[in-house]
Amino acid sequence: MNRLRLAIIFDNSLRPDTTGFYCKIALSELADVTHFLPSQLGSIDPQRFDAFIYIDDSLDYMPPSQLRPSIWWAIDTHLNFDRCLQKAQRCNIVFSAQRGGVESFRSYGIDAEWLPLACDPVLHRPHQLGNEFDWCFVGHLIGNERQHLIKRMQQEFPNGFVG
């Protein structure tokens with residue numbers, strides 16, 4: 001039996017460990033997976049793949065109509081729903097990591113399903129480490145509210161790590 005040939009599209013130049021990175025690893029156990037950057041969309045041969053999977057990377061590119069069937073996994077519907085909606089309207093299958101995103105998509109007539117974020121059990125597991133810091137924040141400092149909260153945490157509890 002031939003394995004599925006999947007094109008997975010996401011940007012990993014700003015953040016190498018983006019959700020798409022973990023999706024590529026997991027999907028590679030089930031199919032032949034080739035990663036493309038959004039800037040490479042015009043060079044993808046539609047005949048080489050059985051499906052085209054777009055993993056939310058917060059960028060504003062649109063899935064081309066010739067790459068079908070297309071699957072969109074919206075991760076951050078709570079941050080920029082209009083961008084997510086535009087992509088969803090161009091795809092055949094739509095998932096949302098946020099339950100609220102599913103309902104929002106459905107209110108626009110899009111048959112979305114809930115696909116929550118998960119973990120990589122090899123990496124995301126208990127590690128035996130010392131307690132060097134009182135608190136840690138690992139993620140992006142995007143948005144004024146998040147920056148304000150981190151600054152406040154640093155003022156109130158100076159023994160923290162942000163990275």
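Here, the structure is the one placed above.
Note that the structure is predicted; figures quoted are calculated from it, not measured.

Rules and cut-offs
- All residue numbers refer to position in the chain's written sequence, counted from 1.
- In keeping with the model being predicted, local features are shown solely for residues with a pLDDT of at least 70 and side-chain atom pairs are shown and tallied solely at 80 or more, while totals for entire chains, interfaces and linings include all residues.
- The side-chain values count all of the structure's non-hydrogen atoms but skip hydrogen atoms and water molecules.
- Axis definition: a line fitted to C-alpha atoms, limited for helices to the stretch in contact. Angles are taken between N-to-C directions and run from 0 to 180 degrees.
- In this text, helices come from DSSP runs of H or I with a minimum length of four residues, and strands from runs of E with a minimum of two, each type numbered from the N-terminal end.
- Small angles under 35 degrees read as roughly parallel and large ones over 145 as roughly antiparallel, with 65 to 115 read as roughly perpendicular and the rest as oblique.
- Two helices that cross are described as forming a left-handed crossing if the nearer one is turned anticlockwise from the farther one by less than a right angle, and a right-handed crossing if clockwise.
- Any two residues whose heavy atoms approach within 4.5 Å are treated as being in contact.
- Under the convention adopted here, Pro, Cys and the residues Ala, Val, Leu, Ile, Met, Phe, Trp and Tyr are nonpolar, Asp, Glu, Lys and Arg are charged, and Gly plus all remaining residues are polar.
- To sort residues, take the accessible area from a 1.4 Å probe on protein chains only and compare it with the maximum for the residue type: under 20% means buried, over 50% means exposed, and anything in between is partly exposed.
- When charges are counted, neither His nor the chain ends are considered; positive counts come from Lys and Arg and negative counts from Asp and Glu.
- Each reported salt bridge corresponds to a side-chain nitrogen of Lys or Arg within 4 Å of a carboxyl oxygen of Asp or Glu.
- Polar contact criterion, stated in full: a pair of N or O atoms within 3.5 Å, where within protein one must be able to donate a hydrogen and the other to accept it, and residues adjacent in sequence count only if both atoms are side-chain atoms.
- Note on ring pairs: Phe, Tyr and Trp rings are taken, using the six-membered ring of Trp, and paired if centres are within 6.5 Å. Classes follow the plane angle, with under 30 degrees stacked, over 60 edge-to-face and the rest tilted.
- Cysteine sulfur atoms are paired as a disulfide whenever they come within 2.5 Å of each other.
- For the purposes of this section, nonpolar cores are sets of buried Ala, Val, Leu, Ile, Met, Phe, Trp, Tyr and Cys residues that join through side-chain atoms within 4.5 Å.

Caption draft 1: Inspection of the packing of helix 2 (residues 81-88) against helix 3 (residues 99-107) at higher detail. Axis separation between helix 2 and helix 3 bottoms out at 11 Å; the angle between their running directions is 60°. Comparing their axes, helix 3 and helix 2 come out oblique. Between helix 2 and helix 3 lies a crossing whose hand is right-handed. Contacts between helix 2 and helix 3 involve Phe-81, Cys-84, Leu-85 and Ala-88 from the former and Gly-101, Ser-104 and Phe-105 from the latter. Its residues placed into classes, the contact of helix 2 with helix 3 shows five nonpolar, two polar and no charged.

Caption draft 2: Region of the structure containing the side chain of Asp-57. Here Asp-57 shows up in the loop between strand 3 (51-55) and strand 4 (70-74). For the buried Asp-57, which has no salt bridge, the nearest side chain bearing the opposite charge is Lys-87, at an N-O separation of 4.3 Å. Side-chain polar atoms of Asp-57 contact the backbone nitrogen of Leu-59, separated by 3.1 Å. For Asp-57, the residues in contact, after removing those within four places along its chain, are Phe-10, Asp-11, Pro-38 and Lys-87.

Caption draft 3: Broad picture of the packing of aromatic side chains. In total, this model carries six aromatic pairs according to the counting rule given. Pairing Phe-81 with Phe-105 gives two aromatic rings, centres 5.2 Å apart and planes at 40°, and the pair type is tilted. Residue Phe-81 is located in helix 2, and its partner Phe-105 is located in helix 3; the two are separated by 24 residues in the primary sequence. Phe-105 shares its class with Phe-81; the two are buried.

Caption draft 4: View of the state of the cysteines. Summed over the entire model, instances satisfying the criterion amount to zero disulfides. No disulfide involves Cys-119; its sulfur sits 12 Å from that of Cys-23, the nearest cysteine.

Caption draft 5: Representation of the nonpolar core within the structure. Core analysis: the largest hydrophobic core is formed by 22 residues, its most contacted members being Ile-9, Ile-44, Phe-52, Tyr-54, Trp-72, Val-94 and Phe-105. Of all the secondary-structure elements, those providing two or more residues to this core are strand 1 (5-9), strand 3, strand 4, helix 2 and helix 3. If you tally residues by element for this core, the top one is helix 2, at four residues. In this view, Val-94 contacts Trp-72, Ala-88, Phe-105, Ile-110, Asp-111, Ala-112 and Glu-113; residues no more than four positions away in its chain are not counted. Formed by 13 residues, the second largest nonpolar core is a distinct cluster that contains Ile-8, Ala-31, Trp-73 and Ala-97.

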